[in-house]
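Below, each chain spelled out in residue letters.
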Amino acid sequence: MGGNIIITGASSGIGQATAERFLAEGWNVGLLARREDRLRDLAASSDRAQVLVADVTNEAEVAAAFVRFQKRFARLDVLFNNAGVFTQGGVIDEVGLDDWRKSVDVNLTGAFICAQAAFGMMRRQTPQGGRIINNGSISAQSPRANSAPYTATKHAISGLTKSISLDGRAFDIAAGQIDIGNAATEMVSALAERAKAGDAEPVMDVVHVAQAVFQMAKLPLDTNILSMTIMATKMAFVGRG
């Protein structure tokens, strides 16, 4: 039997693949992102999908989206905090402050705003509790070259995840983090193009990431995967740098 999940960044890549997996498993899915046309295309396949147009950096828009989801499905079992951005890369003294702020706004503040909304809903619903899964990225463990803004925000996500996990104990709210390395998405393709490497980096099918998120989500609340790493087997991560 399925549950109820909100997925941020649901309009493409990992978010879209994860939404498709949960819909296939019989879950009710809130599709949260800015690009309404893409969300509507995805939602057209199932009457259990709800389009939630919102910018994760806008507290009022996020709050309104969660209220809409609650009115339709009554409760929230899981938040997949997935929305993220990789701004223009560069050596740290070449990084523009606007890019730094955009990374922090989307990757960290956006994750905080959505986690806060989910936590409050899970804390007050009956029965109490739920699960928050944050997309941390391989960069939460080891940086990619020329990625100071992205890496800093993803390291911060690790601290946010642990704080949510600790604060959630009293309310049956579990929190975990999935660190993903080189799933075949638009973002990874863009990074490869920027790098203009002679050899393409190994990648994995994004459906395996969706399966991993589903594995974390379907656990009972007395069991938690605090941290999971899923990656293309041959990617340059172990020993990177």
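Just so we're clear, the structure is a prediction, and the values are computed from it rather than from any experiment.

*Asks:* Help me understand the overall build of the protein, please; the structure alone is not making it clear to me.
*Replies:* Counting secondary structure elements, the protein contains 7 helices and 7 strands. Secondary structure elements in the protein, listed N-terminal to C-terminal, are β-α-β-α-β-α-β-α-β-α-β-α-α-β. Radius of gyration (C-alpha) of the protein: 17 Å, near the 18 Å computed for a compact globule of 241 residues. Overall, the C-alpha framework of the protein stretches about 50 × 35 × 35 Å when taken along its three principal axes. For the protein, the residues scored as buried account for 51% of the 241 residues in total.

*Asks:* Teacher, can you tell me more about the sheet that holds strand β7 (residues 227–231) here?
*Replies:* The strand order across the open sheet formed by 7 strands is β3-β2-β1-β4-β5-β6-β7, and the pairing between neighbours is parallel. At either margin of the open sheet sits one strand with a lone partner, and together these are β3 (49–53) and β7. On average, each strand axis in the sheet is inclined to that of its neighbour by 20°, with strand direction left out of account. Here 5 bridges tie strand β2 (residues 28–33) to β3, and the two strands are oriented parallel to one another. Bridging from a neighbouring strand, Leu31 pairs with Val51 of β3. Here helix α7 (residues 206–217) sits on the sheet and contacts β4 (78–81), β5 (130–135), β6 (173–181) and β7; the angle it forms with β6, its principal contact strand, is near 165°.

*Asks:* What is the right way to read the pairing of β4 from this model?
*Replies:* Neither face of β4 is left uncovered, since the one carrying Val78 and Phe80 and the one carrying Leu79 and Asn81 both have all their residues buried. Bridge analysis of strand β1 (residues 4–8) against β4 gives 3 bridges, and the strand direction is parallel. Counterpart to Ile5 in the pairing with β4 is Val78. Judged from the 4 bridges that link them, β4 and β5 form a sheet pairing that is parallel. Bridged to Val78 within β5 is Arg131. Following the chain from β4 across helix α4 (residues 97–124) to the adjacent parallel β5, one finds a crossover that is right-handed.

*Asks:* Can you help me understand unusual backbone geometry in this one?
*Replies:* Of note, the bond from Thr126 into Pro127 is cis; its omega dihedral lies within 30 degrees of zero at -5°. Tracing the sequence through the fold places Pro127 in the loop between α4 and β5. Of note in this structure, Ala74 is not a glycine but carries a positive phi near 75°. Mapped onto the elements, Ala74 comes out in the loop between α3 (59–73) and β4. Classification of Ala74 by relative accessible area gives exposed; the value is 54%. Unlike most non-glycine residues, Asn146 shows phi in positive territory, near 60°. Examined against the element boundaries, Asn146 turns out to sit in the loop between β5 and α5 (148–168). Assessed through its relative accessible area of 41%, Asn146 is described here as partly exposed.

*Asks:* Just checking my understanding: could you explain the pattern of salt bridges for this structure?
*Replies:* Between side chains of opposite charge, pairing is possible as soon as their charged atoms come close. In this structure the tally under the stated criterion is 3 salt bridges. A salt bridge links Glu25 to Arg21; its shortest N-O distance comes to 2.9 Å. With a relative accessible area of 24%, Arg21 lands in the partly exposed category. For Arg40, the salt bridge identified is with Glu36, shortest N-O distance 2.9 Å. With Arg40 and Glu36 both in helix α2 (residues 36–43) and 4 residues apart, this pair spans about one turn of that helix. Note on Arg40: relative accessible area 47%, which makes it partly exposed.

*Asks:* Help me understand the side chain of Ser46 in this model?
*Replies:* Summarising the element assignment, Ser46 is placed in the loop between α2 and β3. A residue is classified by how much of its surface remains accessible, and Ser46, at 14% relative accessible area, is buried.

*Asks:* How do you make sense of α3 when you look at a structure like this?
*Replies:* The periodicity of an α-helix, 3.6 residues per turn, causes residues three or four places apart in sequence to face the same way. Between its first and last C-alpha atoms α3 spans 21 Å; for 15 residues at 1.5 Å apiece the expected length is 21 Å, and the two agree. Residues Val62, Ala65, Phe66, Phe69 and Phe73 constitute the buried set of α3. Along the axis of α3, the buried residues cluster in a sector spanning 95°; they form a single face. For α3, the exposed residues set more than 90 degrees away from the buried face come down to Ala60 and Lys71. Summarising the contacts, the buried residues of α3 are in contact with β1, β2, β3, β4 and α4. Where α3 starts, the residue carrying a side-chain oxygen 3.1 Å from the main-chain nitrogen of Ala60 turns out to be Asn58. Note on α3: the residue one or two positions beyond its end, Ala74, has a positive phi of about 75°.

Here is what the cut-offs are and how they apply
- Residues numbered from 1 in each chain as written.
- Predicted model: local features only at pLDDT ≥ 70, side-chain atom pairs only at ≥ 80, totals over all residues.
- Heavy atoms only, no water.
- Helix = DSSP H or I, 4+ residues; strand = E, 2+ residues; numbered from the N terminus.
- Rg over C-alpha atoms; globule rule 2.2 N^0.38 Å.
- Buried < 20%, exposed > 50% of the residue type's maximum accessible area, 1.4 Å probe, protein only.
- Pairing = 2+ DSSP bridges.
- Axes fitted to C-alpha atoms, helices over the stretch in contact; angles between N-to-C directions.
- Contact = heavy atoms within 4.5 Å.
- Right-handed = clockwise from strand over helix to strand, strands pointing away.
- Salt bridge = Lys/Arg side-chain N within 4 Å of Asp/Glu carboxyl O.
- Expected span 1.5 Å × (residues − 1).
- Arc of directions from axis to C-beta.
- Polar contact = N/O pair within 3.5 Å; in protein donor to acceptor, adjacent residues only side chain to side chain.

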